Protein chains: 4
Amino acid sequence: MESAILIIQCKDQKGIVAAVSQFLYFHNGNVEEVDQYIDNDTGDFFMRAKWELSTFAIKKDQIERIFAETVGTKFGMNFTLHFTEPKPKMAIMVSQHSHCLFDILSRYFSGQFQVEIPMVISNHEKLRSVVEAFDIPFYHFPITKDNKADQEEKQLKLMEEKGVDFVVLARYMQILSPRFIAQYPNKIINIHHSFLPAFVGAKPYHAAHKRGVKIIGATGHYVTEELDAGPIIEQDIARVKHHNTVEELVQIGQDVEKVVLSKAIKYHIAQKVMVMGNKTIIFN
Amino acid sequence: MESAILIIQCKDQKGIVAAVSQFLYFHNGNVEEVDQYIDNDTGDFFMRAKWELSTFAIKKDQIERIFAETVGTKFGMNFTLHFTEPKPKMAIMVSQHSHCLFDILSRYFSGQFQVEIPMVISNHEKLRSVVEAFDIPFYHFPITKDNKADQEEKQLKLMEEKGVDFVVLARYMQILSPRFIAQYPNKIINIHHSFLPAFVGAKPYHAAHKRGVKIIGATGHYVTEELDAGPIIEQDIARVKHHNTVEELVQIGQDVEKVVLSKAIKYHIAQKVMVMGNKTIIFN
Amino acid sequence: MESAILIIQCKDQKGIVAAVSQFLYFHNGNVEEVDQYIDNDTGDFFMRAKWELSTFAIKKDQIERIFAETVGTKFGMNFTLHFTEPKPKMAIMVSQHSHCLFDILSRYFSGQFQVEIPMVISNHEKLRSVVEAFDIPFYHFPITKDNKADQEEKQLKLMEEKGVDFVVLARYMQILSPRFIAQYPNKIINIHHSFLPAFVGAKPYHAAHKRGVKIIGATGHYVTEELDAGPIIEQDIARVKHHNTVEELVQIGQDVEKVVLSKAIKYHIAQKVMVMGNKTIIFN
Amino acid sequence: MESAILIIQCKDQKGIVAAVSQFLYFHNGNVEEVDQYIDNDTGDFFMRAKWELSTFAIKKDQIERIFAETVGTKFGMNFTLHFTEPKPKMAIMVSQHSHCLFDILSRYFSGQFQVEIPMVISNHEKLRSVVEAFDIPFYHFPITKDNKADQEEKQLKLMEEKGVDFVVLARYMQILSPRFIAQYPNKIINIHHSFLPAFVGAKPYHAAHKRGVKIIGATGHYVTEELDAGPIIEQDIARVKHHNTVEELVQIGQDVEKVVLSKAIKYHIAQKVMVMGNKTIIFN
């Protein structure tokens with residue numbers, strides 16, 4: 001069944017929840033999920049409501065306008081309206097590590113991700129055959145220092161043509177340019193193989209091994225211009241021991257990476273992630 | 001600051017959230033926390049709302065009546081109203097194991113539990129000195145087969161005199177009679193040292209060792225007449241290895257028990273636990 | 001580099017570790033891993049030693065005989081000798097759930113499993129295309145009440161022809177006959193979607209939902225005649241909440257299942273699992 | 001029963017394990033625990049062996065000399081010999097946070113820590129009464145900028161008089177001087193309230209809240225001159241959510257802190273921690 005999802009952000013004021021609840025009730029909305037959060041440090045109010053469209057009294061293409069007129073403007077709301085159909089279009093970018101990609105494809109195959117995947121982009125050919133076994137187009141964009149800017153333009157153009165809504169970096173080993181990032185603000189999800197803010201940058205498992213930590217982790221976050229510093233969506237960890245080599249940390253860590261990335265994707269698809277400054281609110 | 005907490009249960013109907021939100025907004029309630037849950041299997045609706053009393057337009061002793069008249073009756077609600085002051089009175093029952101008791105006392109000492117502790121009851125003298133170091137009265141009720149019913153009556157009378165609101169069994173090694181349990185329905189919290197429903201009854205660590213499990217656990221639950229079968233409030237686990245003896249399982253498990261029990265107590269104090277049949281809803 | 005792995009079981013006696021260490025030292029073995037365990041309840045001794053073959057003074061095909069003559073017989077040891085080459089042959093049996101299968105194939109693809117996969121057997125056609133994308137033969141054996149015994153015979157014959165060393169049930173929804181199990185004692189690894197011994201049998205997520213548990217889990221175990229009662233190799237859990245539907249438990253649980261099964265497989269491949277009665281020793 | 005524990009470190013060479021095993025076997029040692037580790041990066045060998053003294057052929061006060069003469073010197077070993085009796089003497093230093101202290105006292109009371117506690121030292125009076133309820137001497141050393149060096153001298157003198165073997169900083173909010181640290185190299189255990197190396201220094205929960213992490217943690221480590229940079233003994237984490245305030249992070253984190261610190265203490269008491277550069281080997 002098709003549903004609508006309303007995402008609201010504004011200054012906290014008395015009566016917001018009552019007004020939104022009244023709006024949905026008055027127009028016969030069957031509410032499936034509703035969450036709100038007030039940030040006491042900033043005084044900001046956040047809300048997410050999901051309701052069934054089939055019984056709703058307002059036509060799909062009128063909801064945004066009527067909500068703005070009757071509720072949104074009054075409270076000075078920034079709000080966005082989403083629908084579960086058509087499914088969002090997710091591009092995947094990957095290099096040679098397969099664990100995150102396969103985990104995503106596995107969930108896509110089983111119907112766990114309500115998403116379309118119009119493309120997997122890679123700077124290597126290695127993973128083509130498996131991707132194509134899932135009937136997903138695979139695009140090879142080899143990257144060198146010299147062609148990087150050009151290739152990014154072509155990637156962006158391809159994404160635009162195919163109507164890509166958001167991008168997943170499934171261990172894509174290239175740093176995206178500020179220009180690329182600016183096209184998809186808070187819509188590029190990266191997996192970093194450490195529990196940030198520890199071990200920013202390259203080779204975090206080597207750094208973890210050198211420091212002698214007893215836990216390693218992974219962080220799913222939105223990409224911003226500053227490396228590994230964007231809003232964190234999800235994190236998890238695994239225990240390691242003194243005898244684990246760097247190679248074993250890599251293997252242990254991959255199990256964490258893939259689950260963390262897939263959870264971040266799931267939250268994003270369901271419009272459950274709201275960005276507040278450099279932090280996220282997860283309505284889960 | 002003093003707050004009111006409203007706990008609502010009724011059949012799901014359109015407009016409930018709007019009506020409650022309007023009630024709080026209309027009377028100038030500053031909402032701190034609000035959660036709702038619809039059980040799709042049973043069609044039951046559950047809600048918890050917490051708001052500050054200082055700015056609320058209705059006097060404390062009028063809220064219940066006015067809410068019933070304007071909202072509660074209309075929707076056929078079962079509801080209860082609670083206030084954060086005065087603090088609830090919690091009785092602790094304990095035998096000889098000290099880990100759960102000390103963990104509770106430690107949190108009480110540091111102000112983490114918003115509760116009064118008018119008594120610790122034990123069937124042994126062993127833990128008296130530490131309890132009294134926290135300025136909490138310690139009552140010794142030795143239990144034998146012959147005196148058990150009499151002692152329970154005395155315990156119940158003492159609890160009634162002191163106005164006990166709920167009871168915590170911090171590894172109390174006596175099975176309470178149905179008559180005792182009936183005095184505190186869904187108000188006696190027990191810690192069982194297994195992840196229920198595995199290993200019901202006596203000596204769960206021995207049973208876990210014999211079965212060769214790789215994880216052990218603990219379960220905080222409300223006591224009902226059927227042993228270890230009441231509504232589960234909280235559970236957690238710890239990993240164990242083949243070389244761990246039963247004694248080591250006991251030590252490892254105690255760390256889980258005390259944290260699980262204390263979390264269950266914390267949820268109960270904050271009125272965050274609602275019982276639905278033999279299950280709990282935790283508004284956390 | 002090729003290594004030898006010696007697995008020893010006998011009654012505990014003084015001098016065993018010294019004798020085995022001397023044997024390896026005397027013949028110039030470069031020991032990579034060595035673990036031992038004494039079960040104090042039964043007085044049984046277990047040991048696993050792994051060493052490099054390249055520098056070892058005894059020829060590969062003489063090690064078993066010479067060890068028996070100089071050490072094994074003296075201590076009344078049951079021992080088995082394994083080599084990391086050739087790689088063991090693993091058969092996978094699967095029905096329609098893809099998450100465990102894809103997780104295994106992903107690890108196989110990335111070289112994490114030192115194993116050959118001569119076949120995936122399924123009672124459905126659904127997963128053929130992905131399996132074949134990994135260049136692994138896919139065999140379809142539809143099962144009905146009437147043909148089950150016959151099909152099992154054909155499966156066993158195929159496994160024998162291909163030299164299968166052990167079998168993984170990656171959510172294979174058929175109960176194997178005692179005759180089948182007897183061909184691969186402690187060599188059939190199953191994933192059960194609960195933390196055993198809780199929720200044995202069919203539909204454990206439904207049972208978990210009904211009981212209102214706060215954690216769900218999965219168990220990797222060797223298959224024995226009694227359903228879900230064989231030696232446990234690995235277990236793990238995930239937290240769930242009151243609002244999670246059965247369908248959500250299934251999704252959350254699948255992430256646990258696939259990681260637990262893959263860990264159990266990894267331990268088995270590396271000869272790190274020893275069975276003692278109905279329990280396992282994991283030398284990890 | 002009394003046991004001996006031998007801790008060995010040397011360059012890796014063939015025959016070490018065989019030689020030590022032979023030594024113990026030859027002198028009729030009943031081995032309870034034995035672990036070894038070879039660090040492939042440095043070529044260092046580490047071993048820990050624990051055996052019963054009652055049946056051992058060498059007298060307690062001769063073991064060190066005879067082992068050196070027959071094994072230790074030959075392999076160029078650094079080794080230390082320990083006995084489970086008399087119990088080591090542990091000093092606790094604490095400020096005003098009680099959670100770690102009470103957790104330690106609880107384990108001491110129940111016999112989980114095989115240790116004597118000759119003193120709790122604090123720069124505040126707050127926790128005196130509870131400490132004294134456990135019959136442990138409480139010493140108040142108020143600290144100011146001016147008296148710090150003097151007070152440390154008095155603390156060290158007191159520790160020396162009482163024969164303190166190692167020191168636990170149970171949320172002691174003073175930075176120890178290099179001179180103090182030098183008296184107890186790798187014998188001062190601190191709990192830091194973050195998963196190091198993230199959030200070094202003061203107010204890590206505030207920093208974690210500001211960064212918007214989804215997990216917080218705690219680290220038990222040996223104190224070295226560089227703040228929060230010493231060898232890590234144990235770490236663990238807890239999940240947090242966007243709505244958790246700093247105060248809630250503190251409460252959630254305290255449960256992690258106390259368990260991590262107590263585990264680190266337990267490993268240290270059992271001589272299971274070996275320091276290798278700035279990392280630890282945990283023979284657990």
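This one's a predicted model, so the numbers in the text were calculated from it and none came from an experiment.

A short note on the pattern of salt bridges
Okay, step 1: Scanning the model with the defined rule gives 56 salt bridges over all chains in all.
Okay, step 2: The partner of A:Asp103 in a salt bridge is C:Lys258, and the shortest N-O contact between them spans 2.3 Å. Of this pair, A:Asp103 sits in helix α3 (residues 99-110) while C:Lys258 sits in helix α8 (residues 246-269), which puts the two residues in different chains.
Okay, step 3: What makes C:Lys258 buried here is its relative accessible area of 3%.
Okay, step 4: Where D:Glu69 meets D:Arg65, a salt bridge forms, and the shortest distance between an N and an O atom there is 3.2 Å. Here the residue D:Glu69 and the residue D:Arg65 both occupy positions in helix α2 (residues 63-72), the gap between them amounting to four residues, near one helical turn.
Okay, step 5: Classification of D:Glu69 by relative accessible area gives exposed; the value is 54%.
Okay, step 6: Taking relative accessible area as the criterion, D:Arg65 reaches 41% and is therefore assigned partly exposed.
Okay, step 7: By sharing partners, the salt bridges in this structure join A:Asp103, A:Arg107, C:Asp255 and C:Lys258 into a single network.

Observations regarding the nonpolar core
Okay, step 1: If you look at the biggest cluster of nonpolar residues, it comprises 170 residues, and the most contacted ones within it are A:Ile265, B:Ile265, C:Ile265 and D:Ile265.
Okay, step 2: Each residue touching D:Ile265, except ones within four places of it in the same chain, is listed here: D:Met90, D:Ile104, D:Phe113, D:Phe166, D:Val168 and D:Ile189.

A short note on the sheet that holds strand β8 (residues 166-169) of chain D
Residues and elements named next belong to chain D.
Okay, step 1: Strand order in the open sheet made by the seven strands is β7-β6-β5-β8-β9-β10-β11, with mixed pairing throughout. At either end of the open sheet lies a strand with only one pairing partner, and these are β7 (138-140) and β11 (232-239). Taking the axes of each pair of neighbouring strands and ignoring which way they run, one obtains an average angle of 20° across the sheet.
Okay, step 2: Bridge count for strand β5 (residues 89-94) against strand β6 (residues 116-122) is five bridges, and the pairing is parallel. Residue pairing in the sheet places Lys 89 in a bridge with Glu 116 of β6.
Okay, step 3: Sheet contacts for helix α5 (residues 148-162): β5, β6, β7 and β8; angle to β6, the most-contacted strand, approximately 170°.

Some points on helix α7 (residues 204-211) of chain C
Okay, step 1: If you check which residues of α7(C) are buried, you get C:Pro204, C:Tyr205, C:Ala208, C:His209 and C:Arg211. Mapping the buried residues of α7(C) onto a view down its axis gives an arc of 165°, with all of them on the same face.
Okay, step 2: Against the buried residues of α7(C) lie β11 (232-239) and β13 (279-282) of chain B together with β9 (188-192), β10 (215-222) and α8 of chain C.

Considerations on the relation of the copies chain A and chain D
Okay, step 1: Note on the identical chains: chain A maps onto chain D by a rotation of 180° and an axial translation of 0.0 Å, with an RMSD of 0.0 Å. Each copy turns onto its partner about a two-fold axis. Residues of chain A ranked by C-alpha distance from the rotation axis are headed by A:Ala198, positioned 2.3 Å from it.
Okay, step 2: Looking at chain A, 100% of its interface residues are interface residues in chain D too, so the copies touch through the same face.

Let's talk about the packing of helix α1 (residues 16-26) of chain C against helix α1 (residues 16-26) of chain D
Okay, step 1: Running from N to C, α1(C) and α1(D) cross one another at 150°; their axes reach a closest spacing of 8 Å. Classed by the angle they form, the pair α1(C) and α1(D) counts as roughly antiparallel. For the crossing formed where α1(C) meets α1(D), the hand is left-handed. Where α1(C) abuts α1(D), its residues C:Val17, C:Ala18, C:Ser21, C:Gln22 and C:Tyr25 lie against D:Val17, D:Ala18, D:Ser21, D:Gln22 and D:Tyr25.
Okay, step 2: For the contact of α1(C) with α1(D), the residue count by class is six nonpolar, four polar and no charged.

A look at unusual backbone geometry
Okay, step 1: Here the amide bond leading from A:Glu85 into A:Pro86 is cis, since omega sits at -5°, within 30 degrees of zero.
Okay, step 2: With respect to the helices, strands and loops of the structure, A:Pro86 is situated in the loop between β4 (78-83) and β5 (89-94).
Okay, step 3: Along the chain, A:Leu196 connects to A:Pro197 via a cis peptide bond; the corresponding omega equals 10°.
Okay, step 4: Mapping A:Pro197 onto the fold places it in the loop between β9 (188-192) and α7 (204-211).
Okay, step 5: Backbone geometry at B:Asn28 places phi at a positive 70°, although glycine is not the residue there.

Some thoughts on the packing of helix α7 (residues 204-211) of chain B against helix α8 (residues 246-269) of chain B
Residue and element names in this part refer to chain B.
Okay, step 1: One can describe the packing of α7 onto α8 by two numbers: an axis separation of 10 Å at closest approach and a directional angle of 120°. In terms of orientation, α7 lies oblique with respect to α8. Between α7 and α8 lies a crossing whose hand is right-handed. Along its contact with α7, which presents Tyr 205, His 206, Ala 208 and His 209, the element α8 presents Val 246, Leu 249, Val 250, Gly 253, Gln 254 and Glu 257.
Okay, step 2: Residue composition of the contact of α7 with α8, grouped by class: five nonpolar, four polar and one charged.

Here we look at the sheet that holds strand β6 (residues 116-122) of chain A
Residue and element names in this part refer to chain A.
Okay, step 1: Strand order in the open sheet formed by seven strands is β7-β6-β5-β8-β9-β10-β11, and the pairing between neighbours is mixed. If you trace the sheet from one side to the other, it starts and ends with β7 (138-140) and β11 (232-239), each paired once. Across the sheet, the mean angle separating the axes of adjacent strands is 20° when strand polarity is ignored.

Notes on the packing of aromatic side chains
Okay, step 1: A complete count under the given rule lists 38 aromatic pairs over all chains for this structure.
Okay, step 2: When the centroid spacing of 5.5 Å and the interplanar angle of 85° are considered together, the rings of A:Phe102 and C:Phe134 count as edge-to-face. Taken together, the residues A:Phe102 in helix α3 and C:Phe134 in the loop between α4 (128-133) and β7 (138-140) connect one chain to another.
Okay, step 3: The exposure class assigned to C:Phe134 is buried, which follows from its relative accessible area of 11%.
Okay, step 4: The ring of B:Phe83 is capped by B:Lys60, whose NZ or CZ atom sits 4.8 Å from the centre of that ring.

Basis of the calculations
Residues numbered from 1 in each chain as written. Chains lettered and ligands numbered in written order. Predicted model: local features only at pLDDT ≥ 70, side-chain atom pairs only at ≥ 80, totals over all residues. Heavy atoms only, no water. Salt bridge = Lys/Arg side-chain N within 4 Å of Asp/Glu carboxyl O. Helix = DSSP H or I, 4+ residues; strand = E, 2+ residues; numbered from the N terminus. Buried < 20%, exposed > 50% of the residue type's maximum accessible area, 1.4 Å probe, protein only. Core = buried A, V, L, I, M, F, W, Y, C linked by side-chain atoms within 4.5 Å. Contact = heavy atoms within 4.5 Å. Pairing = 2+ DSSP bridges. Axes fitted to C-alpha atoms, helices over the stretch in contact; angles between N-to-C directions. Arc of directions from axis to C-beta. Least-squares fit on C-alpha atoms with pLDDT ≥ 70 in both. Parallel < 35°, antiparallel > 145°, perpendicular 65-115°, else oblique. Left-handed = near helix turned anticlockwise from the far one by under 90°. Nonpolar A, V, L, I, M, F, W, Y, C, P; charged D, E, K, R; others polar. Phe/Tyr/Trp six-rings, centres within 6.5 Å; stacked < 30°, edge-to-face > 60°. Lys NZ or Arg CZ within 6 Å of the ring centre and 35° of its normal.

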